[in-house]
Each structure stands twice: as structure tokens, then as C-alpha cells.
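A closer look at the structure
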Amino acid sequence: MVKAALNQRRTDPGVVVPWTGFDLINAFNAWKKTSDAGRVFSVGRNRQAQIVVAGLAWRGVPAGVRGSRRRSGQRAEGLVGFAVRQPQRQACGFPHFKKKTGAVVSFRLRNKHPKGRPPAIRVGEGNRARSVTLPGIGQIRVHDDTRRLRRVLTKNRAKVLFVTVSQHAGRWWVSLNVEATELHPAHRHSPRVDGDHGGWVGIDRGLAAFLVAAGAGGTEAARITDAPKALARGLNRQRGLAKSLSRKQKGSRNRRDAAAKLGRHHHRIAKVRRHFLHQVSNALVNTHDRLVIENLNVSGMLANPRLAPAISDAGWATFARLVKYKQAWRGGELVIADRWYPSSRLCPHCGAVRGDLTLADRAFTCGCGHVADRDANAAVNLARWGQAHHQTSSDLRTPKQRGRATNARRRDGSDQGAPPGCGGHPSCAGETSPDDAGTDVHAAPAA
């Protein structure tokens, strides 16, 4: 529709181009009732054809699917950005369509709440705990138990906005977008009194030990050394599947089956890693209300070919993101230590910094006689840093160095609860950013 309107506007400047999502919806609603959208004929004995139905009524696709496709296409294809940049003579071409075979197979259904009738999307209807009812499709059986969600919906503490049905690794997934109230006060951390600067726990991420947490006093709170390392364990099978795929003829059925088998293997590795990260982040957030985590240059570390596979398998950036939003749910505090803070090389007793410490040194020794585990020493220093800097910003860059501001759509108050050091933006805590690619210009301190 947009391309046809652009072609017509070359000869007729008065043609209106449907740029926004609402314009596309209005144009599509007008088009779907015409015969161009589709026709159903009936041929009588006299061999004369008559139009029985015109438009999209014969397709049987729920209206919510068509509406979500138009809105998603308007956002994904960047039509608004193309319209804005064209008058400014910026280098921006017309957006391309998605590849049908490479894109994720999915559709979205909105939840409607008609008066006097149940909502369109229902969970656990008819005492079937493992079921979800979708508009136009009906009740489908799901693998997970939905009783907890159904109790929250029954008490009017949550509302289903829409549902997304997608296909990954040969399986269908139903994802519910739910707007819920805050957690119950019994599941949130108790607020601390003014002047209480204790209780900080530093989190040091590593490869030998996935995580070491310790307090400012030197007490070790947690140590996790049994990370699943799903990528390393499944690497031999991955190589075999990739080799089998390379031997198949392109375009054949055997090649599609081999590609699907390799995709299922990758999907399983990602799920094993993500399940472990959720378990560890939940355990930390439930037991500690004040956490300190370091801002790691993850993308810079991936430049090391020897450590890149292990760092990618650890999922440091994803772990930091999970801890950040879960700590906000619980009403706790999260502080991001500065990237240049020498947590591993600093002595917590005398304050000396060792410049000759290498990755092979697993024990920290200082001239003052202090000896400690390398990871535990870093966690203690991080806890002390949070105790001293939890009320100050750790972002040493100027607004110009932070980059240009983008007018991104987000809900009001989305920056509330963002940890210090984010500069008011929710993206931090070890997440990769353009600064991690080597554009971070502020220099390291003299120490």
C-alpha cells in the first residue's frame, strides 16, 4: 500500500501516503471490504458465475492477527523513520521486507474485555489448569501449569493485554503479556532506615567460579562453581550436526531436516543457560536487598579468541540484566561499580593496588600480609565500593560522550528504580553497548 501510494504521488502530489500505524489500519479496513482483497464465486447450471462473498470475510483469520501484523510491520519496516529522514536528505533507503523463511513464525492476538462477557483470552478455563483460550482458535493445551497466573487474574491483580504465539525449534510457544500490580509486601524487601549504609553484597563474575558474593566485612555469602556450561558440553554434538548439515544438498528435504535438528540443539543450549541464570539471580535477589555488580566490557573481552567461547557461555550480560529488573521488583538496591575500579587488584586492608596480577593468579597476596581468594577479594572490594558510592553516580562521561538522545517509546516512569550509574537510562549493569565496542573515551584513573 505504501509503495503504491508513493508511485501515485509522483504524478499526483495530493495522494496521502499511509505512514503511521493508524493510517495503515484505516487503509487496510477500507481495502479488505473490496473485491481486490478476495472473492468467492458460485457457478450455476447455466454456467454463469456470481460473486457470493467479497473481501477478507472468507479467509477466517481473526481481526486481531491482521491488526497486529499491520502495527508490527509499521514498526519493524521503519516506515516512519523513512518518512522523517527523507525530507532531511539523510542516507536512508526504503525498508526491506522480512525473509519468509528466515523470520520467526509468530502472530499476536489482542485481549478484548466486552461488557457482560468474559475476556477474549482466558487462562485455565473449565478447571483445565494447563490450558489457554485464544480468540478464533479456542482452548489449547499448554505444557506449563497456569494456576498461579489464574489466581492473580481472578483477584483482579493482573490483566492480560495480548498474547503472542510463536514457533521456535519446532515447538509452539504462547507468551502472555500481562500488566500486573507490584509484588505483595511480604515478597518485597523491607525498607531500610535513613543512615543505614550497611548490608551491601558484592558480586564478582568469573569463569573458574561463575559467581562469588561477599559482604564488606569479608564474609562470603555465596559461591557458585557448578555452572552448566551448556555450550562446552554440547560442542561435540554441535560440530557433528553442523558437519552433517554441510554435506546435504541445498534445497533438499534432508538439508531442511538437518537444519531443524541443529536449530533444536542451539535452542536447548540457550534454554539450559537461561534457566541457570534465572535460578542464580532469583536466589541472590531473594536473600539480599543491596547488591553491587561491576560494569564489565563484555564485547571487549570477546575479542580474546581464547576466552570468547567461555565468556559467551557464561552469559554475564544477561545475568546482570536479570538481576537488575528482579531487584527492582523486590524493592532492593543495585549499584553498578565503575568499569575502571580495580576490584581484583585492590587490597581491602591497606588499599594498595597490585599491577602485576594476571589471570593465572587465583590467590591475591599483598605486601601487608593479606592473603585471600582472588574472586572473594574482588567481591569484598565491590561491596565496599557500593557502601561508599551508593548515593553517587558512577557514569563519568559527559552528556555528549553518552551519545545522542533517542525519542524511544516507553511507559511513564520506566526510568524509575534504575540503578545509579545508568544516567537515567535502563540499559547498564554489564549490558553491551556502543561504548563496549571501543568507543569509551574516558581514561582510567591514575591508580
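This text goes with the structure placed above it.
What counts, and at which threshold
- Residues numbered from 1 in each chain as written.
- Predicted model: local features only at pLDDT ≥ 70, side-chain atom pairs only at ≥ 80, totals over all residues.
- Heavy atoms only, no water.
- Helix = DSSP H or I, 4+ residues; strand = E, 2+ residues; numbered from the N terminus.
- Buried < 20%, exposed > 50% of the residue type's maximum accessible area, 1.4 Å probe, protein only.
- Core = buried A, V, L, I, M, F, W, Y, C linked by side-chain atoms within 4.5 Å.
- Contact = heavy atoms within 4.5 Å.
- Salt bridge = Lys/Arg side-chain N within 4 Å of Asp/Glu carboxyl O.
- Phe/Tyr/Trp six-rings, centres within 6.5 Å; stacked < 30°, edge-to-face > 60°.
- Lys NZ or Arg CZ within 6 Å of the ring centre and 35° of its normal.
- Pairing = 2+ DSSP bridges.
- Axes fitted to C-alpha atoms, helices over the stretch in contact; angles between N-to-C directions.
- Parallel < 35°, antiparallel > 145°, perpendicular 65-115°, else oblique.
- Left-handed = near helix turned anticlockwise from the far one by under 90°.
- Nonpolar A, V, L, I, M, F, W, Y, C, P; charged D, E, K, R; others polar.

A few words on unusual backbone geometry. Of note in this structure, R47 is not a glycine but carries a positive phi near 65 degrees. With respect to the helices and strands, R47 occurs in the loop between β1 (39-43) and β2 (49-54). Here R47 falls in the exposed class, since its relative accessible area comes to 77%. At N127, a position not held by glycine, the phi torsion is positive, near 60 degrees. By the element assignment, N127 lies in the loop between β4 (122-123) and β5 (131-134). Classification of N127 by relative accessible area gives exposed; the value is 78%.

With 26 residues, the main nonpolar core has F210, L211, F276, V280, L284 and F319 as its most contacted residues. Residue assignment for this core shows that the elements contributing at least two residues are β9 (201-205), β10 (211-215), α8 (253-287), β12 (290-294), α10 (308-314), α11 (316-329) and β13 (333-337). If you tally residues by element for this core, the top one is α11, at 6 residues. Look past the residues within four positions of F319 in its chain and what remains in contact with it is I203, R205, F210, L211, L277, V280, S281, L284 and I293.

Side-chain pairing between opposite charges can occur once the charged atoms of the two side chains come close. Evaluated as defined, the whole model comprises 12 salt bridges. For the salt bridge of E182 with R188, the shortest nitrogen-to-oxygen distance reads 3.9 Å. Taking the relative accessible area as the measure of exposure, E182 reaches 59% and is therefore exposed. Close ionic contact of R223 with E220 constitutes a salt bridge, the shortest N to O distance being 2.9 Å. Given a relative accessible area of 34%, R223 falls into the partly exposed group. With relative accessibility at 38%, the residue E220 sits in the partly exposed group. Three or more residues joined by partner-sharing salt bridges are found here, namely R192, D196 and D289.

Bringing the packing of aromatic side chains into the picture now. Under the definition given, this model contains 4 aromatic pairs. Seen in terms of ring centroids, Y341 and W385 are 6.1 Å apart; in terms of plane orientation they differ by 55 degrees. Their pairing is tilted. Of this pair, Y341 sits in the loop between β13 and β14 (363-365) while W385 sits in helix α12 (residues 374-389), placing them 44 residues apart in sequence. Both residues of the pair, Y341 and W385, belong to the buried class. A connected cluster of aromatic rings, assembled from ring pairs, spans F210, F276 and F319. Directly above the ring of F162 sits R108, whose terminal nitrogen or CZ lies 4.5 Å from the centroid.

Across the sheet, which stays open at both edges, the 3 strands sit in the order β3-β7-β8 with antiparallel pairing between neighbours. At either end of the open sheet lies a strand with only one pairing partner, and these are β3 (106-110) and β8 (171-180). In this sheet, neighbouring strand axes are inclined to one another by 20 degrees on average, regardless of whether the strands run parallel or antiparallel. Relative to β8, strand β7 (residues 158-168) is paired through 10 bridges, and the arrangement is antiparallel.

Once that is clear, we can look at the sheet that holds β5. Taken in spatial order, the 3 strands line up as β4-β5-β6 in an open sheet, and their pairing is antiparallel. Since the sheet does not close on itself, it has two edges, and those belong to β4 and β6 (138-141), each with one partner. Across 2 bridges, the pairing between β4 and β5 is antiparallel. Within β5, the position partnered with R122 by the bridge is T133.

What follows is about the packing of helix α7 (residues 235-246) against α8. At a minimum axis separation of 9 Å, α7 and α8 run at an interaxial angle of 160 degrees. Taken together, the axis directions place α7 and α8 in an arrangement best described as roughly antiparallel. Here α7 runs over α8; the crossing is left-handed. Where α7 abuts α8, its residues R237, Q238, L241, A242, L245 and S246 lie against R255, A258, A259, K261, L262, H265, H266 and I269. In terms of residue class, the contact of α7 with α8 is made up of 7 nonpolar, 4 polar and 3 charged.

Below, the discussion takes up the pairing of β2. Counted residue by residue, β2 has 0 buried out of 6 residues, so it is predominantly exposed. By the bridge criterion, 5 bridges tie β1 to β2 in an arrangement that is antiparallel. Bridge assignment links S42 to a residue of β2, and that residue is Q50. Between the end of β1 and the start of β2, which pair antiparallel, lie 5 residues, with R47 showing a positive phi angle near 65 degrees.

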